[in-house]
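# Chains, contacts and geometry: an overview
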Amino acid sequence: MERWAAGPLGADVSFVCVCVDRDSERTARAFVSELGLKHAAVGFLEPNRGDGIRFPSQLGCQGFAVLDAQLRFVATSTFPSYVRSGQPGLDAAEEAARGAAELALRIGGGGPL
């Protein structure tokens, strides 16, 4: 995700990691420091607020959720997943993000990626 955000795709796509586990703030801070995230945005849901994620998705190494420029889901979980397929899983996520960005640019009148 950091590589995508720091590269050419990052000019047209926002990469956001949202931690939702029981200690989500700590996990988010650990991601930033341990993974050296500088270009991808990282956030967290406060535990016990009752307003957690309400969409059918398995995130992270199990797949990525991809939203378009209007925040509509393009994919709730990219397939194949990284955990099951390795690099092809990351390639699928990149393809979904690139496709959403290209569509947004065509609709908005921007140039190709």
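As a reminder, the structure under discussion sits directly above these lines.
To keep things clear, this report deals only with the structure shown in the data block. Because the structure is predicted, anything quoted here is derived from the model rather than measured.

Glancing now at the overall build of the protein. In terms of helices and strands, the protein carries 4 helices and 4 strands. Sequence-ordered secondary structure for the protein, helices as α and strands as β, is α-β-α-β-β-β-α-α. Within the span of the protein, comprising 113 residues, buried residues form 26% of the whole. In the protein, the proportion of contacts linking residues at least 24 apart, taken out of those at least 6 apart, comes to 39%. Of the roughly 7,600 Å² of accessible surface on the protein, 53% is carried by carbon and sulfur atoms.

A few words on the pairing of strand β1 (residues 16-19). The alternating pattern of β1 places Cys 17 and Cys 19 on a buried face and Val 16 and Val 18 on a face that is not buried. Pairing of β1 with strand β2 (residues 41-44) involves 4 bridges; the strand directions are parallel. Paired with Val 18 across the strands is Gly 43, a residue of β2. Regarding the hand of the β-α-β motif, the stretch spanning β1, helix α2 (residues 24-35) and β2 is right-handed.

The subject of this paragraph is the nonpolar core. Ranked by size, the top nonpolar core spans 11 residues in total: Trp 4, Ala 5, Leu 9, Val 13, Phe 15, Ala 40, Phe 64, Leu 90, Ala 93, Ala 97 and Ala 101. Listed by contribution, the elements that provide at least two residues to this core are α1 (2-6) and α4 (87-108).

Moving on: the environment of Glu 25. Among the secondary structure elements, Glu 25 is positioned in helix α2. Between the alpha carbons of Glu 25 and Glu 46 there is a distance of 7.3 Å; along the sequence they are 21 residues apart. There is a polar contact of 2.9 Å between the side chain of Glu 25 and the side chain of Arg 29.

Here we take up the pattern of salt bridges. For the coordinates displayed, the defined rule picks out 3 salt bridges. With a closest N to O distance of 2.9 Å, Arg 29 and Glu 25 form a salt bridge. With Arg 29 and Glu 25 both in helix α2 and 4 residues apart, this pair spans about one turn of that helix. When its relative accessible area of 34% is taken as the criterion, Glu 25 is described as partly exposed. Here Arg 98 and Glu 94 are joined by a salt bridge, their closest N and O atoms 3.2 Å apart. Of this pair, Arg 98 and Glu 94 both sit in helix α4, 4 residues apart, roughly one helical turn. We classify Arg 98 as partly exposed; its relative accessible area is 29%.

Definitions and limits used
Residues numbered from 1 in each chain as written. Predicted model: local features only at pLDDT ≥ 70, side-chain atom pairs only at ≥ 80, totals over all residues. Heavy atoms only, no water. Helix = DSSP H or I, 4+ residues; strand = E, 2+ residues; numbered from the N terminus. Buried < 20%, exposed > 50% of the residue type's maximum accessible area, 1.4 Å probe, protein only. Contact = heavy atoms within 4.5 Å. Areas by Shrake-Rupley, 256 points an atom, 1.4 Å probe, with all protein chains shown as cover. Pairing = 2+ DSSP bridges. Right-handed = clockwise from strand over helix to strand, strands pointing away. Core = buried A, V, L, I, M, F, W, Y, C linked by side-chain atoms within 4.5 Å. Polar contact = N/O pair within 3.5 Å; in protein donor to acceptor, adjacent residues only side chain to side chain. Salt bridge = Lys/Arg side-chain N within 4 Å of Asp/Glu carboxyl O.

By themselves, these figures tell us nothing about what the structure is for.
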